[in-house]
There are 2 protein chains.
Amino acid sequence: MPSQSEKKGKLYIVGIGPGSVEQLTVHARDVILNADYVLGNDTYLDQIEELLTTQNIYRSSMGKEVDRAKEAVKLAENNVAVMVSGGDANVYGMAGIVIEVAESNNLDVEIEVVPGVTAMLASASVLGAPVVVDAATISLSDLLTPWEVIEKRLSAAADAGFIISLYNPKSRQRTSNFERAIEIIRKFREDSVPVGLVKNALRGDEQEYIVTTLGEVLEYNDWVDMRTAIVICNSDSRIWNSPNGDKIITPRGYHRKYEY
Amino acid sequence: MPSQSEKKGKLYIVGIGPGSVEQLTVHARDVILNADYVLGNDTYLDQIEELLTTQNIYRSSMGKEVDRAKEAVKLAENNVAVMVSGGDANVYGMAGIVIEVAESNNLDVEIEVVPGVTAMLASASVLGAPVVVDAATISLSDLLTPWEVIEKRLSAAADAGFIISLYNPKSRQRTSNFERAIEIIRKFREDSVPVGLVKNALRGDEQEYIVTTLGEVLEYNDWVDMRTAIVICNSDSRIWNSPNGDKIITPRGYHRKYEY
């Protein structure tokens, strides 16, 4: 056993996936179970409640990311500290701000980022196979990114044929960004292009989804909220009304080479 | 117990993540453990070998994706059949071709896609926090996508400031696509932009990575192979030479609002 003076901390930033414990990676689950401290906002800590037993818990509310990151870096000097992040730790997740704070403190302990299933992948799995080709993720939150930049990215991605996965489509403050984004994409894509909307992806009975088209998606504008992931397909994509529910398929291109 | 005649199959397409069993989701692992049949190519089946005990195994080689998909759809009519896919089941994964074949057979059993950690997320976690903002995935394989389309996507993503994650940078047949892609991106981005190269991400001792810049990345051209994931950052990104190894940070933009 190392003596107390030899004890050294470690800082983990862990992506917990879409929000049910079975969708964590085995490693993410084990890291959380063995932590001294687990930090996160209420929403994400509630999603992994069954894993929180003997660890010390540091809860903070949304919008307090910087304070939480500072606390995690301080604790990690002498403890195993885990910052949880919704979805993946990188994609719009906590890895950025935590490592920025670690850098500014020149933190000298090991930092490990543990990846998780991000909303694009969770929602794609619910919809079938919409995202099997080149894809772009775009957040519609203009809190940290100017709207002009978001608009340029929407246009570029739509024009170049990327499957587009929209994050943060709405908040209480931003109710029109989703509609504006759809109108931009419609300048480049036909109304028949399939669109999938997924709420609470892979969270058991809470999950709901809608398969529609670019021309009709704004009919569901009121249904879309901050927990909705949106997948906008390209002109190769199609909807299969399968005996077990609607699915979206974006062909990879095998049909140009094989028969089936 | 249901009688034999009531028995109905189910078709799973399961993303197994970057290639070590602890990086599977808990659900993906459980689905594989409880399958009647597990289908996949040698590379992916070898990565989950410790989970393959009593299941029937159907191995096939790379390039035989269509045949394997047909077999999975046939088996799923009366069995629990699992097609494994490297990384995520959607992102350049097997969900597309399997569901296409299911559609063409009008398969009437439940189909469940199980997401996994795709290479962009695995490599980002190794590098630190390069992918915390809008990102694009682009495959450099021109087997199923014309090179002109790939070129247009590279230009669009580079011009609009997306973090760019390159998949399939090389194969025995395509040795120059990686170099061509870098030259296209350099038209839009400064040579100082950080670039991360990760080989065998999160596969224990096999993992290797290089942190470099866009101006110097082609010095590592010979090191890049088909198992290498590449993350090309934007002009906001920076390299932190931390006491515990080089990391890439792309600031999310908190620094414009907070001090730390």
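Predicted model, so just to flag it, every value in this text is computed and none were measured.

**Student:** When you look at the interface of chain B and chain A in this model, what are you seeing that I'm missing?
**Tutor:** Interface size is commonly expressed as the accessible area that is lost once the parts come together. Listed per partner, the contact involves 83 residues of chain B and 83 residues of chain A. Buried surface at the junction of chain B and chain A, both sides included, amounts to about 7300 Å², of which 58% is carbon and sulfur. For the pair chain B and chain A, the interface holds eight salt bridges. Salt-bridge contacts for Glu-100 of chain B lead to Arg-238 of chain A; the nearest nitrogen and oxygen are separated by 3.6 Å. There are 36 residue pairs in polar contact (both at pLDDT 80 or more) connecting chain B and chain A. No other element matches helix H4 (residues 95–104) of chain B, which puts nine residues into the side of chain B that touches chain A. Residue composition of the side of chain B that touches chain A, grouped by class: 43 nonpolar, 21 polar and 19 charged.

**Student:** Help me understand the sheet that holds strand S4 (residues 80–85) of chain A, please; the structure alone is not making it clear to me.
**Tutor:** Strands belonging to one sheet form pairs held by backbone hydrogen bonds; the direction of such a pair is parallel or antiparallel. Residue and element names in this part refer to chain A. An order of S3-S2-S4-S1-S5 is seen for the five strands of this open sheet, with the pairing classed as parallel. Whereas interior strands pair on both sides, the edge strands pair on one side only; in this sheet they are strand S3 (56–60) and strand S5 (110–114). Strand-to-strand twist in this sheet, taken as the mean axis angle between neighbours without regard to direction, amounts to 15 degrees. Both strand S2 (residues 37–41) and S3 contribute to a ladder of five bridges, which runs parallel. Bridge assignment links Leu-39 to a residue of S3, and that residue is Tyr-58. Sheet strands touched by helix H3 (residues 65–76): strand S1 (10–15), S2, S3 and S4. Its angle to S2, the strand with the most contacts, is close to 175 degrees.

**Student:** Can you walk me through the sheet that holds strand S7 (residues 135–139) of chain A in this structure?
**Tutor:** Read across the open sheet, the 10 strands follow the order S10(A)-S9(A)-S11(A)-S8(A)-S7(A)-S7(B)-S8(B)-S11(B)-S9(B)-S10(B); overall the sheet is mixed. Because the sheet does not close on itself, it has two edges, and the strands there are strand S10 (208–213) of chain A together with strand S10 (208–213) of chain B. The mean inter-strand angle of the sheet, taken between neighbouring strand axes irrespective of direction, is 15 degrees. Sheet topology note: the strand S7 (residues 135–139) of chain B/strand S8 (residues 163–167) of chain B ladder contains five bridges and is parallel. Looking at the pairing, Ile-138 of chain B lines up with Leu-166 of chain B of S8 of chain B.

**Student:** What is the right way to look at the domain arrangement of chain A in this model?
**Tutor:** Residue and element names in this part refer to chain A. According to the domain assignment, chain A consists of domain 1 (4–114) and domain 2 (119–256). Centre-to-centre separation of domain 1 and domain 2, based on C-alpha positions: 29 Å. Facing the eight residues of domain 1 at the interface are nine residues of domain 2. Buried area between domain 1 and domain 2, summed over both chains or domains, comes out near 640 Å², and the portion from carbon and sulfur atoms is 59%. Here domain 1 and domain 2 share zero salt bridges between them. At the junction of domain 1 with domain 2, the criterion picks out five residue pairs in polar contact (both at pLDDT 80 or more). In terms of residue class, the side of domain 1 that touches domain 2 is built from four nonpolar, four polar and no charged.

What counts, and where the lines are drawn
- Residues numbered from 1 in each chain as written.
- Chains lettered and ligands numbered in written order.
- Predicted model: local features only at pLDDT ≥ 70, side-chain atom pairs only at ≥ 80, totals over all residues.
- Heavy atoms only, no water.
- Contact = heavy atoms within 4.5 Å.
- Buried area = accessible area lost by both parts, 1.4 Å probe.
- Salt bridge = Lys/Arg side-chain N within 4 Å of Asp/Glu carboxyl O.
- Polar contact = N/O pair within 3.5 Å; in protein donor to acceptor, adjacent residues only side chain to side chain.
- Helix = DSSP H or I, 4+ residues; strand = E, 2+ residues; numbered from the N terminus.
- Nonpolar A, V, L, I, M, F, W, Y, C, P; charged D, E, K, R; others polar.
- Pairing = 2+ DSSP bridges.
- Axes fitted to C-alpha atoms, helices over the stretch in contact; angles between N-to-C directions.
- Domains from an automatic or database assignment.

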